[in-house]
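Here's the letter readout for the chains.
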Amino acid sequence: MQTTPTTNTIMNKYRLSAGFALFLTLFFASCDKYLDIIPAGDVIPETVTEYRATLNNGYASAPSQMLINMRGLVYDHQADALGYNLDAFDLYKTIHTWADTDDNDGRSEQYPYYSFYKGIFYANTIILADPATVKDDDPDEDFGQVLSEAYALRAYNYFCLVNLYGPKWSKETAGTLVVPLNNLINTEQTFPRATLEAVYDQILGDLKKAEELSQVSRFKEERYRYRFSGEAILAFASRVHLYRGEWQKALEYAQKALKVSDKLTDLNSTDKDGHLPTDYRSEEALANFTPQQASDINGYLSVQDPFLALYPEGDLRPSKYYTKFSQDFVTFYKTMAKVGSSSTGVTFRRSEVYLNAAEAASRLGNDADARRYLDQLLANRMTPQTFSLKEAKTDDLRGEKLLTEILLQRRLELAGEGHDWFDFKRTTQPELTKTVRGEAFTLPAGDPRYTIKLPKEAVENNPLLQ
């Protein structure tokens, strides 16, 4: 029986040469400081195949979004109902409860930091290469496409860093020092923080180069959908401009992406053998290389009932996106079904593009287009009867009420995919409340904790971050 390869299997198709693998092993073993780049030899990639292998390692370096998902409003960490003593709540308590100042005796998990720079290192290795010296050893691969993806991947890592550890973008915060820019691979120096504006300039510049160099608008072969296609780059650009409040550009890039393909997965027609929209084999997969949830604790992350109650009767997403955890025919709680496997490491998908377009159009005062983009999505998420009623109500919405509905549908559609916290942060930074293990916690509106502090270890190892 032929099996479908997972994303990780596909990324390992191109393997590193022994020499370059040794170089990388020594390189990362020698990095005892964040952002220290210490050359470990003269062995570097020489062929297109070796550069593709390097880039695959960059994709594989993307850290899980699990902690940032926990920081949002979605989860409640449940005890191990089966009594196997697998409960690791103490490791995640400070994450759930926004207790960023708690030392927790070193027991708490830390938000990712170094793994982003690891991905940037791999991208830099390709970006700094001389194309004239790269040996073309694969008739199905071109270095220009690899280079395009490297620029996009570097931009993605910087975008994650600046939104984790920097404030919400505005003209007033543009000069804020946030995270270091490191676009070298052969220096031992440490790097100071760059401004928010400088990091975004880097991101936008990299995206422009990625778009110009891209040779594949969409990967038809499902196994390659962990890569940045031209379509995924456009979707990424739409997201970046949305976060910056540049509504016209966000809309234009979303429209460009939808011209490549506007297909959505219809939940009315998916069955047990179908693929969820988060799966790299789905109609709407654009790029899938970001783990969203660790499988070993997936069964202990309950989706809270107040959130699930936001889905109306006849909305198909609760039954498709969540699964019931039961024992002895008793249902305890619901957990995420749309993320947590090797096939659902969703980074960009078409639903987000529709929602980007709807929000941007709404903020530009174009209510008709905003409703159209939203309705196209919801028609594939609800039963025909429910959608008909919903469409009628949406037709009456204007201005702020329409925008509120779009943002609600964004939460319901993209929950648990790394968007929840960042959408709260980039918009109104509202008061958030959640109940964890029966205890209520509140994050006040506009709280300073909407910007996460750099990891303690990173600051200790790099005095320039003080």
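None of these values were measured; they are calculated from a predicted model.

Across its 18 residues, helix α8 (residues 196–213) extends 26 Å between first and last C-alpha, which sits within 8% of the 26 Å expected from 1.5 Å per residue. Considered for burial, the residues of α8 that qualify are L196, V199, Y200, Q202, I203, D206, L207 and A210. Summarising the axial view, the buried residues of α8 lie within an arc of 150°, below the 170-degree limit, and thus occupy one face. What points out from α8, more than 90 degrees from its buried face, is the exposed set K208 and E212. Those residues of α8 that are buried lie in contact with α7 (143–165), β2 (177–180), β3 (193–195) and α9 (230–243).

Attention shifts here to the packing of α7 against α8. Packing of α7 against α8 leaves a shortest axis separation of 8 Å and a crossing angle of 155°. When the axes of α7 and α8 are compared, the pair comes out roughly antiparallel. For α7 against α8, the interelement crossing comes out left-handed. Packed against α7, whose contacting residues are G144, L147, S148, Y151, A152, R154, A155, Y158, F159, V162 and N163, the element α8 presents L196, V199, Y200, Q202, I203, D206, L207, K209, A210 and L213 at the interface. Among the residues making up the contact of α7 with α8, the classes are represented as 14 nonpolar, 4 polar and 3 charged.

The next thing to look at is the packing of helix α6 (residues 114–127) against α7. Where α6 contacts α7, the axes come no closer than 9 Å and their chain directions differ by 155°. Taken together, the axes of α6 and α7 lie roughly antiparallel to each other. Crossing hand, α6 versus α7: left-handed. Judged by residue contacts, S115, F116, Y117, G119, I120, A123, N124, I126 and I127 of α6 engage F143, V146, L147, A150, Y151, L153, R154, N157, Y158, C160, L161 and L164 from α7.

What counts and what doesn't
Residues numbered from 1 in each chain as written. Predicted model: local features only at pLDDT ≥ 70, side-chain atom pairs only at ≥ 80, totals over all residues. Heavy atoms only, no water. Helix = DSSP H or I, 4+ residues; strand = E, 2+ residues; numbered from the N terminus. Expected span 1.5 Å × (residues − 1). Buried < 20%, exposed > 50% of the residue type's maximum accessible area, 1.4 Å probe, protein only. Arc of directions from axis to C-beta. Contact = heavy atoms within 4.5 Å. Axes fitted to C-alpha atoms, helices over the stretch in contact; angles between N-to-C directions. Parallel < 35°, antiparallel > 145°, perpendicular 65-115°, else oblique. Left-handed = near helix turned anticlockwise from the far one by under 90°. Nonpolar A, V, L, I, M, F, W, Y, C, P; charged D, E, K, R; others polar.

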